[in-house]
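Notes for the structure review
Spelled out from the first residue to the last, the chains are:
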Amino acid sequence: MPVKPLARLLLIAAFAAAPAAARDKPAEPAPAALHAQMAQISQNTASLNEALRRGQQSAAVCRHCHGAGGNSVLPDVPNLASQNAAYLLEQMNKFVQGTRKSSDFMTGLIKALSPEERIDIALFLSRQPVTRKTADMNAQGAAGRQLYAKLCIGCHGAAGSGTQKIPRLAGQQVKYLEDSLKRYRAGSGERIDPMMASYTRNLKDADIRSLAAYLSTLQP
Ligand code: HEC
Ligand code: HEC
């Protein structure tokens, strides 16, 4: 009997929640080794194409929340399409290691992936086009532009496209951007990053709304 995608998702999550010993899982490789492995795959067209094909299959369970091709239609779920591959891999590693906390459900799904599947998915999603839905510039966006130029541009870039391990912000879901900035600012352990903690510490809620409004005007 064919298993429906959602049923499969639930099965995987239940499986992932089982005690580690019962699954006899190999030790988690060091993040640097996984990044090196991903870089190596990217350099060879044949191995990259294989990884993209596998990644498309493995990412099928993620569509329920992150949308087709990683284009989310849910305000608090991030777009993964066109996100930088090394950043995507790093965040999945963080969910596995517990240095980033999200719903137990998604953490379970990601823990159930092998490290190679994480690499394949990161490569696949980073190469999917992100749906354009840019907003017009208004007064709030203009205030956000000033803050962005002062505080954020040095790392995330003028176009908000980031680099390697620095995430692309252009084209990201607005509500998710606001939530993420608040998570870094709160320092409650949901998102841990010393740089983002210091850059968000003094932001007011209105600043966060302005920054998100500005970012929504950038072309993905
Ligand atoms: C039940 C819904 C759900 C499913 C299924 C799901 N995710 Fe997520 N995902 C979320 C939410 C919500 C967030 C943002 C939460 C947060 O920041 O803590 C997120 C965040 C992420 C992020 C971080 C993105 C960023 O910009 O930092 C990655 C990477 C990710 N998910 C990968 C995956 C992958 C890969 C799968 C499939 C194996 C998957 N997710 C399945 C809901 C889901
Ligand atoms: C010193 C470099 C640096 C500066 C300056 C910086 N960021 Fe970041 N930002 C990062 C890094 C690195 C990450 C990924 C951290 C992690 O692993 O959680 C990040 C993550 C983020 C995220 C999460 C994106 C996602 O997909 O989940 C948002 C939103 C963000 N930054 C917005 C900003 C804004 C707005 C500013 C200015 C107020 C800013 N950043 C300043 C380096 C920086």
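Residues numbered from 1 in each chain as written. Chains lettered and ligands numbered in written order. Predicted model: local features only at pLDDT ≥ 70, side-chain atom pairs only at ≥ 80, totals over all residues. Heavy atoms only, no water.

1. Here we look at the overall build of the protein
Along the protein, the regular secondary structure elements total 13 helices and zero strands. Overall, the protein shows an N-to-C arrangement of helices and strands of α-α-α-α-α-α-α-α-α-α-α-α-α. Residues counted as buried form 44% of the 220 residues belonging to the protein. Expressed as a percentage of contacts within the protein between residues at least 6 apart in sequence, the contacts between residues at least 24 apart total 71%. Put simply, the protein shows about 12,000 Å² of open surface, and 58% of that area lies on carbon and sulfur atoms. (Helix = DSSP H or I, 4+ residues; strand = E, 2+ residues; numbered from the N terminus. Buried < 20%, exposed > 50% of the residue type's maximum accessible area, 1.4 Å probe, protein only. Contact = heavy atoms within 4.5 Å. Areas by Shrake-Rupley, 256 points an atom, 1.4 Å probe, with all protein chains shown as cover.)

2. With respect to the environment of Asp120
Assignment of secondary structure puts Asp120 in helix H8 (residues 115-126). The sequence separation of Asp120 and Glu50 amounts to 70 residues, and the corresponding C-alpha distance is 8.7 Å. Ignoring sequence-local partners within four residues, the contact set of Asp120 consists of Ala51, Arg54 and Gly55.

3. Comments concerning a nonpolar patch on the surface
Residues Leu151, Met195 and Tyr199 make up a contiguous nonpolar surface patch of roughly 290 Å² in combined accessible area. Inspection of the secondary structure puts Tyr199 in helix H12 (residues 194-200). (Patch = residues over 30% accessible without salt bridge, like charges linked within 9 Å, V, L, I, M, F, W, Y side chains within 5 Å. Salt bridge = Lys/Arg side-chain N within 4 Å of Asp/Glu carboxyl O.)

4. Description of the coordination of the iron atom of ligand 1
At the metal site, the iron atom of ligand 1 is ligated by His66 (NE2) and Met106 (SD), and these contacts range over 1.9 to 2.0 Å. The coordination sphere of the iron atom of ligand 1 comprises six donor atoms, whose angles at the metal cover 83 to 179 degrees; the geometry is octahedral. With His66 in helix H5 (residues 63-66) and Met106 in helix H7 (residues 104-111), the pair connects residues that are 40 residues apart, well separated along the chain. Judged by its relative accessible area of 9%, His66 is buried. (Donors = N, O, S within 2.8 Å, 3.2 Å for Na, K, Ca; no water. Tetrahedral: all angles 85-135°; square planar, octahedral: opposite > 155°, others 65-115°.)

5. Observations regarding the nonpolar core
Counting 24 residues, the largest nonpolar core has Met38, Met92, Ile119 and Leu123 as the members making the most contacts within it. Elements represented by at least two residues in this core include exactly helix H3 (31-43), helix H4 (45-58), helix H6 (85-97), H7 and H8. Broken down by element, the residue count for this core peaks at seven residues, all from H6. Once you skip the residues sitting within four places of it in the chain, Leu123 turns out to touch Met38, Ile41, Ser42, Leu48, Ala51, Leu52 and Ala85. (Core = buried A, V, L, I, M, F, W, Y, C linked by side-chain atoms within 4.5 Å.)

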